[in-house]
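# Structure at a glance
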Amino acid sequence: MSLDQDLFIIIMNFLLETLQVLFMSLVYSLEALIRLFIPTRKKNVSGEIVLLTGAGSGIGRLMALEFARLGARLVLWDINEDGNKETALMIKETHGARAYTYTCDCSDREEVYRIANQVKREVGDITILINNAGIVTGKKFLESPDSLVEKSMEVNSLAHFWTYKAFLPAMIAANHGHLVSIASSAGLIGVNGLADYCASKFAAVGFAESMALELLAMGCDGVKTTIVCPFFINTGMFDGANTKWPRIMPILEPEYACRKIVDAVRKDQVYLYIPRSIYIAIAMKNLLPTKMGVLLGEYLGAFNFMAKFKGHGNKSK
Ligand SMILES: NC(=O)c1ccc[n+]([C@@H]2O[C@H](COP(=O)([O-])OP(=O)(O)OC[C@H]3O[C@@H](n4cnc5c(N)ncnc54)[C@H](O)[C@@H]3O)[C@@H](O)[C@H]2O)c1
């Protein structure tokens with residue numbers, strides 16, 4: 001083949017691929033537009049085996065109750081045995097269903113693998129994995145004890161590696177499952193006073209996003225991913241944290257956050273940012289000149305979110 005022919009084939013391939021991408025972009029944009037007006041069908045989660053880490057309080061507990069209401073079988077993990085058992089009792093009393101409780105420090109890799117094997121023997125393969133357990137140091141970085149900084153990374157992000165390693169192979173084998181990462185808006189944008197927390201949540205978002213692509217690349221389209229990035233939720237974890245403009249950036253009610261998350265999972269929605277203003281904040285961060293972004297951040301109160309933070313203490317070891 002001559003050099004001219006080679007060049008012709010390269011140019012034709014380039015044009016064909018580009019046309020295909022343009023056409024599919026149009027199709028996907030139209031699909032997204034239609035979805036704005038026609039609600040997406042929610043999948044049935046009845047009979048699914050849902051594992052929630054951090055199920056002993058906050059939105060973990062609420063999500064457990066909601067999935068139980070929808071007929072899913074619940075596996076509850078928490079480092080706090082009492083809180084976890086309380087959630088199981090609430091599920092029994094409200095929905096008459098049995099939830100399986102396991103006391104597990106999900107930052108401890110060996111413990112995760114050991115208890116995961118126990119779950120597989122006693123309950124079966126997990127089909128919906130919700131990495132929800134989280135902690136926050138809530139101090140300026142230079143005042144944060146090294147042990148807490150490390151623990152934040154271990155609970156908020158590294159733990160996700162170990163639960164994926166434990167439960168993802170069975171999902172891939174069945175080409176069926178759902179991976180849910182309860183990250184944070186602090187995993188999309190840096191926050192003054194939350195350096196280690198932001199780093200751990202950025203890691204959680206990056207990990208879940210990359211794994212979703214890895215699954216798609218291997219043709220495993222039956223295992224879905226949902227990445228959740230909420231602003232502050234009124235669970236106690238961020239007690240004292242404040243918002244300057246509650247109408248634009250409201251502190252979310254836990255029941256609302258839980259409802260949005262469960263809906264997003266049932267619609268196979270990949271990204272959920274709540275409230276909606278987070279979508280605008282992230283777009284602005286990426287589009288605006290840096291100094292303007294900082295100015296707007298200051299205007300929205302981002303420098304003082306954590307000024308009066310109290311939290312409810314770390315229950316983790
Ligand atoms: N509350 C908020 O403002 C907010 C905002 C954005 C994201 N989030 C995220 O949502 C998730 C749930 O938060 P929440 O507000 O319900 O907090 P929460 O403190 O009420 O619940 C966290 C749960 O995780 C458990 N946990 C902590 N360390 C653990 C460990 N090592 N192993 C197992 N379990 C452990 C705790 O015992 C607790 O039951 C967290 O990942 C948090 O980072 C919370």
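Heads up: these notes are all about the structure in this document.

What counts as what
- Residues numbered from 1 in each chain as written.
- Predicted model: local features only at pLDDT ≥ 70, side-chain atom pairs only at ≥ 80, totals over all residues.
- Heavy atoms only, no water.
- Helix = DSSP H or I, 4+ residues; strand = E, 2+ residues; numbered from the N terminus.
- Buried < 20%, exposed > 50% of the residue type's maximum accessible area, 1.4 Å probe, protein only.
- Salt bridge = Lys/Arg side-chain N within 4 Å of Asp/Glu carboxyl O.

## Re the environment of R109
Examined against the element boundaries, R109 turns out to sit in helix α4 (residues 109-122). A relative accessible area of 40% means that R109 is categorised as partly exposed. The spacing of R109 and L158 is 49 residues in sequence and 8.6 Å in space, taken between C-alpha atoms.

## Notes on the environment of G96
Along the chain, G96 falls in the loop between α3 (81-95) and β3 (99-103). Between the C-alpha atoms of G96 and R69, which are 27 residues apart in sequence, the distance is 9.5 Å.

## Thoughts on the pattern of salt bridges
For the structure shown, the criterion picks out nine salt bridges. Across the pair K42 and D263 runs a salt bridge whose closest N-O atoms are separated by 3.3 Å. Taken together, the residues K42 in the loop between α1 (3-37) and β1 (49-53) and D263 in helix α7 (residues 254-266) connect sequence positions 221 residues apart. The exposure class of K42 is partly exposed, given its relative accessible area of 35%. Put simply, R69 and E66 hold a salt bridge, and the shortest N to O gap is 2.9 Å.

Nothing here speaks to function; it is geometry throughout.
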